[in-house]
Amino acid sequence: MEYLKKLIKTIFLHKLITMKTIAIIPARGGSKRLPHKNTLLLGGIPMIAHSIHFAKDNHINKIVVSTDDASIKETALQYGAEVIVRPIALATDISPTMDTLKHVMKNVEGHYDYVVVLQPTNPLRPKNLMQEALKRMKEGNFDSLMTVSRNEQKFGKITNNIFVPFNYSIGQRSQDLEPLYYENGLLYIVKTALILEGKLLGEHHLPFIVNHLYAKVDIDTQEDFDYAEYLLQKSTDNGQRTTYNQLPSLRAPSRSESPFIEIAGRKIGPNHPPLVIAELGINHEGSLQVAKEMVDAAHRAGVEVIKHQTHIVEDEMSAAAKKVIPGNATVSIYEIMKRCALNETDELALKNYVESKGMIFISTPFSRAAANRLEKMNVPAYKIGSGECNNYPLLEHIAAFGKPVILSTGMNTIESIQKAVAIFDKHQVPVALLHTTNLYPTPTHLVRLGAMTAMHQAFSDKVFGLSDHTLNNNACLGAVALGASILERHFTDRMHRTGPDIVCSMDERAAKELIIASNEIWQMRDGTKEPAKEEQVTIDFAFATVCAIAPIKKGDLFTKENIWVKRPGTGEILAEHFNELLGKVALKDIENDVQLTWECVST
């Protein structure tokens, strides 16, 4: 039952994400307190580019910057956004933002279900903000969302030279304040119909709580800008301990610590959910109909990428292959491939069928003719098998196409992989590296995840992952925990089919479980060793604070006989300070079983 609940949530989120969304970034010129702030370099890129990157990272369909400023327009276009020029009447100091949003929606082409408003003065946003916000919106069927943060300040007003507290009583602890919230400006998500009605929030809106340092960043002055620069610098300093999630996706795209590749719009790397590739390979035994049935099963499982194998046997093998029998077969490799290969017409039909399901089709070419066929079919990327990792002439041929490559590296050494990588780097071709063991199936003790991490250390600027041939998902899940971004397993719709790699394949159920579980483990990977803010509710009862265990008179010394440490942790003096109190003098009478405060203790 719990598995079904998680699956339903995943489906709901996918449906919402696939709705058409437009991001509007309102950025007028003429800032007086911080001139040209939207184009000032923050973390090495213009401030407005942070919001554009955030929209791109979250796969928003269209990104529009509304501006009256030529410099902002040029910068927005440079970073991949569209620009709608704002009329002068909507670019004054008192022009309502809502009028700008309506102007964009009335002038933009196409229909969009949701409008995402990103204020450029809030350039830093938590890593999973959009994903979590969309999830909550869908679960509650909300028509709009805005982010808010809890107030932690004590406010009051001065009347006739007398300070009158507003949200607290004098002497009240800040953690006991009545919960009040402020609009932090990080994110707004609104149904388009509401924008056209002049409403930023509907009657059924969600105030989405974000308690994060970045929620405090709203840049209007030089001091605000300096604070944002400080936070961003802390998040990018290697080895620097931080108290918040790092945001690699907000940095300049050339930074090597956050590599990614992109295939047909799907970004792949440590800042994105793991990509699960279902390899049909030649499990279809040469039948297009069987291949389509396998595609249907993979689609039901939620697979994003189908990988095929392209064999043109005459160009791939010499006659000597007729005498070579693989370890998992009883006939020659030549006979197997001759029997299982799809012809060009059938393979093109398979590609079209995969893409009609909304999935991505890639394939492994095992020869120059096969690579040429795939290029003619206009595949978005190439997968290269372990046997071809050191086939440098073929790698040169494929690299010349200029498309992304996923390279398996089984049976190879760091040295031979370096030669392959050098070829793709020379052609400026993005390449991801997969560790694998080429045994079908692979015994558990020969998976060697340590080899995968060693490969990653040797090629730290490359996306990496695992191409797995074991009998279950365990190796893949272990690889994700170690940082893998790509998981590849052979795939079949039914385990009782006959086929060369059925024994080490995953079926529909296993693929579905791998997609969900790998995503969960990916979300678990980050963090620093310190209390999470969400743990405060547990800290309050689980930690101990210093308490009186006997009545204490003013002037008495604190000893182990009159003070000790007790739960809960809501007192002012935590247990870690207990020894500091011993021998100090009580400055007031203290009743038994009362939590001590520092004002009761001599300095």
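Preceding block: the structure.
Worth saying up front: this structure is predicted, and the values here are computed from it rather than measured. Within each chain, residue numbers correspond to sequence positions counted from 1 in written order. Confidence filtering applies because this is a predicted model: local features only for residues at pLDDT of at least 70, side-chain atom pairs given and counted only at 80 or more, and all residues used for totals across whole chains, interfaces and linings. Computation of side-chain values covers all heavy atoms of the structure but excludes hydrogens and water.

K.L.:
What's the story with the sheet that holds strand S6 (residues 114-117) in this structure? I'm lost.
P.N.:
Sheet strands pair by backbone hydrogen bonding; their relative direction is either parallel or antiparallel. Spatial ordering of the open sheet is given by S5-S4-S1-S6-S10-S7-S11, a layout of 7 strands whose pairing is mixed. A strand with exactly one partner marks an edge of an open sheet, and here the two such strands are strand S5 (82-85) and strand S11 (205-209). Taking each pair of neighbouring strands and ignoring which way they run, the sheet shows an average axis angle of 30 degrees. Strand pairing is defined by DSSP finding a minimum of two bridges between the two strands. Numbering goes from the N terminus for both helices and strands, where a helix is a DSSP run of H or I of at least four residues and a strand is a run of E of at least two. The pairing of strand S4 (residues 62-67) with S5 spans 4 bridges and is parallel. Of the residues in S5, the one forming a bridge with Val64 is Glu82. Across the sheet, helix H4 (residues 97-107) lies against strand S1 (21-26), S4, S5 and S6, angled at about 135 degrees from S1, the strand it touches most. Lines are fitted to the C-alpha atoms to define the axes, a helix being fitted only along its stretch in contact, and any angle between axes, read from their N-to-C directions, falls within 0 to 180 degrees. Residue contacts are defined here by distance: any two heavy atoms, one from each residue, within 4.5 Å place the two residues in contact.

K.L.:
Looking at this structure, how should I read the packing of helix H8 (residues 288-301) against helix H11 (residues 344-356)?
P.N.:
Angle between the axes and distance between the axes: these two values describe a pair of packed helices. The geometry of H8 relative to H11 is characterised by a closest axis approach of 10 Å and an angle of 20 degrees between their N-to-C directions. In terms of their interaxial angle, H8 and H11 are classed as roughly parallel. With respect to the hand of their crossing, H8 and H11 are arranged in right-handed fashion. Note on element contacts: H11 touches H8 through Asp346, Ala349, Leu350, Tyr353 and Val354, opposite Leu288, Ala291, Lys292, Val295 and Asp296. By the definition adopted for this analysis, an angle is roughly parallel if under 35 degrees, roughly antiparallel if over 145, roughly perpendicular if from 65 to 115, and oblique otherwise. Handedness of a crossing is defined here by the sense of rotation of the near helix relative to the far one, left-handed for an anticlockwise turn of less than a right angle and right-handed for a clockwise turn.

K.L.:
What should I look at first to understand the packing of aromatic side chains in this one?
P.N.:
Given two aromatic rings, one states the distance between the centres and the angle between the planes to describe the pair. Stacked, edge-to-face and tilted are the three classes for Phe, Tyr and Trp ring pairs, Trp counted by its six-membered ring, which pair at centre distances within 6.5 Å; planes under 30 degrees apart are stacked, over 60 edge-to-face, the rest tilted. Under the definition given, this model contains 2 aromatic pairs. Note on Tyr382 and Phe401: the rings are 5.6 Å apart at their centroids and 25 degrees apart in plane angle, and the pair reads as stacked. Remark: Phe401 occurs in the loop between helix H13 (392-399) and strand S18 (405-408) and Tyr382 occurs in strand S17 (residues 382-384); sequence separation between them is 19 residues. Remark: exposure states derive from per-residue accessible area (1.4 Å probe, protein chains only) relative to the maximum for the residue type, with buried under 20%, exposed over 50%, and partly exposed in between. Of the residues examined, Phe401 reaches a relative accessible area of 23% and is grouped as partly exposed. On the basis of an interplanar angle of 80 degrees and a centroid distance of 5.2 Å, the ring pair of Trp564 and Phe578 is categorised as edge-to-face. Of the two residues, Trp564 sits in strand S24 (residues 563-566) while Phe578 sits in helix H19 (residues 578-581), which places them 14 residues apart along the sequence.

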